[in-house]
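Residues per chain are reported as follows:
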Amino acid sequence: MREEAVERLRGVVRDCVSKHLYSSAIFFADKVVAATGDPADIYMQAQALFLGRQYRRALHLLNSSQIVLRDLRFRYLAAKCLEELKEWHQCLAMLGDAKVDEHGDVLSQNDGTAMYLDKDTEDHEINITSAICFLRGKAYEALENRAQARQWYKAAVKADALCYEALECLVDNYMLTCEEESSLLSSLQFGKDDRWLSSFYSCLVKKHVKEHVVEAKFRDLERETSGVASSNSSFSQTLKNNTDLLARRAEYYYQSGEYQKCFELTSMVLERDPFHLKCTLVHLVASMELGRSNDLYLMACNLVKDHPQKGLSWFAVGCYYFCIKKYDQSRRYFCKATTIDGSFPPAWVGIGNAYAAQGEGDQAMAAFRSGARLFPGCHLPPLYIGMEYMQTHNYKLAEQFFLQAKKICPSDPLVYNELGVVAYHMKEYQKAIQWFEMTLDCVSSSLSEMWEPTLVNLAHALRKLKMFQKAISCYEKALAVSTQNFSAFAGLAYTYHLQDNFDAAITYYHKALWLDPNDQFCTEMLTLALEDDCRGVDLRK
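Residues numbered from 1 in each chain as written. Predicted model: local features only at pLDDT ≥ 70, side-chain atom pairs only at ≥ 80, totals over all residues. Heavy atoms only, no water.

**Let's talk about the overall build of the protein chain**
Note the threshold: A run of H or I in DSSP counts as a helix once it spans at least four residues, and a run of E counts as a strand once it spans at least two, with each numbered from the N terminus. Each residue is assigned to one of three classes by its accessible area relative to the maximum for its type, calculated with a 1.4 Å probe on protein chains only: buried under 20%, partly exposed between the two thresholds, exposed over 50%. We call two residues in contact when some of their heavy atoms are within 4.5 Å. Exposure was quantified through the Shrake-Rupley algorithm and a 1.4 Å probe, taking into account, for residues, occlusion by the shown protein chains and nothing else.
Across its full length, the protein chain holds 29 helices and 2 strands. Among the 541 residues that make up the protein chain, the fraction classed as buried is 50%. A fraction of 54% describes how many contacts in the protein chain between residues 6 or more apart in sequence connect residues 24 or more apart. A total of about 26,500 Å² of accessible surface is found on the protein chain, and carbon and sulfur atoms cover 50% of it.

Set out below in structure tokens:
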């Protein structure tokens, strides 16, 4: 066969692959290999077989070639075939012996090869070493060796910052603590044209920090992408309205307790891209917090119809049942989600919360412990375990788990709030005040109703230490956030009562009883205040 005819057939193979005509690509690639025996053509045929899902045949072809142990491309494709065949030990053996430290630095690598034959487009592709490290991570994760998987994912993204999949696995599967995420990002090497990517990655992991920090990250990203757009005509628009970025912003709103803003943003994103699954997850949990059961029902039906093989779909069904307080059914579907995808953190948390909602503390803690073991970078399982211990008045153990959650994620205000509640129950009021003040320091500049109980708790602690004016100020701030708050009215009334300001106390006791006419404490204290007002008694003596 003449060289011109062979080159034409190579073009046909490439065109068949681009048109997804894999059987045709396999047929013509086989003829090219028969004519030339060239390693590049053998690789092209193996790739066509891989894309055509003929993994055993592709593996046999690669192993039969004399170059498989000397060319990284051949070895990597052979390992990818073994990955598809779920032969994980053989996959690791094919990739060669290597060791990596806890920081993701490869210490030694004995892959028996120093060749990489396709150098034409190396500057425009992801480093083959990074891809190999990522595949090692996937193999170790499939073998449930999550410690090794975490280290190889870190090695992959360190070898090439463009290997987004590795960072995605680390972040979405909660393999790193907040501190480890920040440390990893600071160690990545970006090209001069990839500074926007550094800002984008920062937005992926900065979900619990203060509002001005997060907004600064988004502004940096917009500025970087604007700079790229102005200097590079191929980058014709910025990422300001990119759906991935908007989904991350929505996730930040959710973590901040701004559920309505989160829901509105995810609704806008899903209108543009109805199948954006990461945004769908945020939309589901925001809908559940807002009690939007109809939206959850429609989302669950569509997801089960379109993606029955994904854990997210059955998690959506569980969210719907949880929202309408059918906890047995919700737990069943959360369990189904974990069966389909054991590395789906929200489903494990959902199982624990469903048990907790039914008062089954032991089963709830078992689910949360499984989540803590599987996702060491997720602070929610130890946080919820601590809450369960709070229910049984085991405050010392609760505090230990809250401190563990704080170590994993030191910027989540909910952790500090729970530490404050524990300290209050243990009558350590000064420590409680410190934790509650740290909670309010961590939240965004505009307090939402989610943080109104923190203000009330802080006021209670201040009242216990007889810091009445500061307590009154906190109660009034709580009422500014939520005007229908029984605890704030009752606490304010009692504080005025302790100051012998009986007129104000009586007024606020009446407001509290208007919200809850059957409250025994307020009824008794109102009667006492009326009597004391008549007698002029000083309660502080």
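**Describing the packing of aromatic side chains**
Here is the rule we go by: Any pair of Phe, Tyr and Trp rings, taking the six-membered ring for Trp, is counted once the centres come within 6.5 Å. Such a pair is stacked with planes under 30 degrees apart, edge-to-face with planes over 60 apart, and tilted for the rest. Charge over a ring is defined by NZ of Lys or CZ of Arg lying within 6 Å of the ring centre and within 35 degrees of the ring normal.
Counted by the stated rule, this structure contains 22 aromatic pairs. With centroids separated by 5.5 Å and ring planes inclined at 35°, the aromatic side chains of Phe134 and Tyr153 adopt a geometry described as tilted. Taken together, the residues span a long stretch of sequence, with Phe134 in helix H7 (residues 128-142) and Tyr153 in helix H8 (residues 146-159) at a distance of 19 residues. By the burial criterion, Phe134 is buried, and Tyr153 matches it. Above the face of the Phe27 ring, Lys31 is positioned so that its terminal group lies 3.9 Å from the ring centre.

**Some remarks on the nonpolar core**
Cut-off, in case you're wondering: The term nonpolar core refers to a set of buried residues drawn from Ala, Val, Leu, Ile, Met, Phe, Trp, Tyr and Cys, joined through side-chain atoms within 4.5 Å.
The biggest cluster of nonpolar side chains holds 96 residues, and the ones touching the most others in it are Leu284, Phe315 and Tyr509. The leading source of residues in this core is helix H17 (residues 311-323), at 8 residues. Membership of the second largest hydrophobic core comes to 38 residues, among which are Val6, Ile42, Leu61 and Leu62.

**With respect to unusual backbone geometry**
Look at Lys86: it is not a glycine, yet its phi comes out positive at around 60°. Following the sequence through the fold, Lys86 ends up in the loop between helix H5 (72-84) and helix H6 (88-95). A positive phi angle, close to 65°, is found at Glu144, a residue other than glycine. Look at Glu144 and you get exposed, because its relative accessible area is 72%.

**A word on the confidence of the model for the protein chain**
Note the threshold: By definition, pLDDT measures how confident the predictor is in each residue, and it falls between 0 and 100.
Overall, the prediction assigns the protein chain a mean pLDDT of 87, with 88% of residues at 70 or greater. Below a pLDDT of 50 lies the segment residues 113-122, which in the model reaches 20 contacts outside its immediate sequence neighbourhood of four places, other chains included. Note on residues 232-236: pLDDT under 50 across the span, and 4 contacts to partners over four residues away in sequence or across chains.

**A closer look at the packing of helix H25 (residues 452-464) against helix H26 (residues 468-481)**
Convention followed: The convention used is that axes are lines fitted to C-alpha atoms, helices contributing only their stretch in contact, and that angles between N-to-C directions extend from 0 to 180 degrees. Any angle that falls under 35 degrees is termed roughly parallel, while one over 145 is termed roughly antiparallel, one within 65 to 115 roughly perpendicular, and all others oblique. With the far helix as reference, a near helix turned anticlockwise by less than a right angle produces a left-handed crossing, and one turned clockwise produces a right-handed crossing.
At a minimum axis separation of 8 Å, H25 and H26 run at an interaxial angle of 165°. On the basis of the axis angle, H25 is roughly antiparallel to H26. Viewed along their axes, H25 and H26 form a crossing whose handedness is left-handed. Along the contact surface, H25 presents Glu452, Leu455, Val456, Leu458, Ala459, His460, Leu462 and Arg463, while H26 presents Phe468, Lys470, Ala471, Cys474, Tyr475, Lys477, Ala478 and Val481.

**Overview of helix H13 (residues 243-255)**
The cut-off we apply is this: To estimate how far a helix should extend, the number of its residues minus one is multiplied by 1.5 Å. Throughout this description, a polar contact denotes any pair of N or O atoms lying within 3.5 Å of each other; where both atoms belong to protein, one of them has to be capable of donating a hydrogen while the other can accept it, and for residues adjacent in sequence the pair is counted only when both atoms sit in side chains.
The end-to-end C-alpha distance of H13, which contains 13 residues, comes to 18 Å, matching closely the 18 Å that a straight helix rising 1.5 Å per residue would cover. Along H13, the positions that sit buried rather than exposed are Thr243, Leu245, Leu246, Ala247, Arg248, Arg249, Ala250, Glu251, Tyr252 and Tyr253. Its side-chain oxygen 3.0 Å from the backbone nitrogen of Asp244, Asn242 forms the N-cap of H13. Once H13 ends, the next one or two residues include Gly257, with phi positive near 80°.

**So, the UniProt feature "repeat: TPR" (unreviewed entry) in the protein chain**
Condition: UniProt positions are given in the numbering used here, feature names are shortened, and annotations may be inferred rather than shown by experiment.
Summarizing the sequence annotation, UniProt attributes the feature "repeat: TPR" (unreviewed entry) to residues 345-378, 452-485 and 486-519 in the numbering used throughout. Between the first and last C-alpha atoms of residues 452-485 the distance is 9 Å; the span itself is 79% helix and 0% strand. The span residues 486-519 carries 79% helix and 0% strand; its end-to-end C-alpha distance comes to 10 Å.

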